[in-house]
Amino acid sequence: MSPPAHTDVPAPDAAAVPLTGLASRRVIPLRHPGRWVATVVVLVVLAQVVHGLMTNPFYQWDRFAYWFFEPVVVDGLLITLYVTAASAVLALAGGTVLALARLSRSPVLRAVSWAYIWLFRSVPLIVLLLFLYNFSALYQTLSLGVPFGPALVTLGVTALATETVIAILGLTLHESAYAAEIVRAGILSVDQGQHEAAAALGIPRYRQFRRIVLPQALRSIIPNYVNLLISLVKSTSLVFYVSLLDLFGTVQSLGSTYPGDIVPLLLVATVWYVILTSVVSVVQYYVERRFARGAVRTLPPTPFQRLRGGFTALLARAAVRR
């Protein structure tokens, strides 16, 4: 009698085996002890800094609260805002003209634009402001007319060169050189195929720039120019040297009158500058987010959306642990 034939029984599929008990097990996340140590160290340092700020009587927080909304300080703040806004608009307009001249086919325009940018990026802002402040000593009048001929229009420098005009002019001349490079880089960031496609359609050059090139270049121009604008807000503190009492100039004058309040007055100026730059940064974020539409698949979340998402995730984790 022959033995029964051996029959190969297939092994059970591992994927078909029910994972008994595995579904009820909780996945333990990977531990990051270094992250926790760094977090604790940073929190301890921040607590020490806050404790030192709040308990050190040298800061005189009562005097800080007194000076923060004083009319003389608010007037200086308004002058800072006015000078910043006027200089920012004029610098952007001048920088755009300089950038277009730098990209022009005319060798004269390219050379003049390059020389302007090179000169005003090389001269420190404080030197430029002091030079303009003493400009009336070099030229009492400015004339416009035929070269080597009669003057058609004559203007008195002393009557025109007020402290506000000098501050705005100096900041505009200085910042327009940097704005020109920002605008030029933004224009060059647009793909060359866009220019070629617009030219193939017979679109005039000014419409190519206004409707095709500029909207795409703004995505690169805006972040860099807002960074320049933040620097401009802080650079206005130098107009104190041309006798314009802006925020910093007002604080300096009050510090000379009230020498016991120098530190709280400096803290007032510091906090106001932080507020101004923070507002500009928030505006920058939302403007960048708007111009990012069409360039990214998903828009970056706003701070409120991130806060809401973090709170939702925290609630979800708490529900899982229960």
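Here is what the cut-offs are and how they apply
- Residues numbered from 1 in each chain as written.
- Predicted model: local features only at pLDDT ≥ 70, side-chain atom pairs only at ≥ 80, totals over all residues.
- Heavy atoms only, no water.
- Salt bridge = Lys/Arg side-chain N within 4 Å of Asp/Glu carboxyl O.
- Helix = DSSP H or I, 4+ residues; strand = E, 2+ residues; numbered from the N terminus.
- Buried < 20%, exposed > 50% of the residue type's maximum accessible area, 1.4 Å probe, protein only.
- Expected span 1.5 Å × (residues − 1).
- Bend = angle between axes of the 7 residues up to and from the residue.
- Contact = heavy atoms within 4.5 Å.

*Asks:* Is there a simple way to explain the pattern of salt bridges in this structure?
*Replies:* Summed over the entire model, instances satisfying the criterion amount to 4 salt bridges. Among the salt bridges present, the one from arginine 121 reaches glutamate 181, with a minimum N-O distance of 3.8 Å. Placement of arginine 121 in helix H4 (residues 107-122) and of glutamate 181 in helix H8 (residues 163-188) is noted, with a sequence separation of 60 residues between them. Residue arginine 121 is classed as partly exposed on the basis of its relative accessible area, which comes to 42%. Here arginine 184 ties to glutamate 181 by a salt bridge, and the two come within 3.1 Å at their closest N and O atoms.

*Asks:* Please explain H8 as it appears in this structure.
*Replies:* Along an α-helix, residues three or four positions apart point the same way, because every turn accommodates 3.6 residues. When the terminal C-alpha atoms of H8 are compared, their 38 Å separation across 26 residues agrees well with the 38 Å that a helix rising 1.5 Å per residue should span. At serine 176, H8 is bent by approximately 30°, the largest bend along its length.

*Asks:* Looking at this model, I keep getting lost on the environment of leucine 98. Mind explaining?
*Replies:* Assignment of secondary structure puts leucine 98 in helix H3 (residues 71-102). Accessibility expressed as a relative area gives 14% for leucine 98, which makes it buried. Each C-alpha atom, one on leucine 98 and one on valine 183, is 8.9 Å from the other, the two residues being 85 residues apart in sequence. With sequence-adjacent residues up to four places away left out, leucine 98 is seen in contact with Ser113, Tyr116, Ser176 and Ala180.

*Asks:* Sorry if this is basic, but what is going on with unusual backbone geometry here?
*Replies:* Most peptide bonds take the trans form, and the phi angle of most residues other than glycine is negative. Backbone geometry places glutamine 60, a non-glycine residue, at a positive phi of 55°. Note that glutamine 60 resides in the loop between helix H1 (33-55) and helix H2 (61-68). Residue glutamine 60 is classed as partly exposed on the basis of its relative accessible area, which comes to 24%. The phi dihedral of serine 243 falls on the positive side, at around 70°, and the residue is not glycine. Relative to the assigned elements, serine 243 resides in the loop between helix H10 (205-235) and helix H11 (247-257). Accessibility expressed as a relative area gives 43% for serine 243, which makes it partly exposed.

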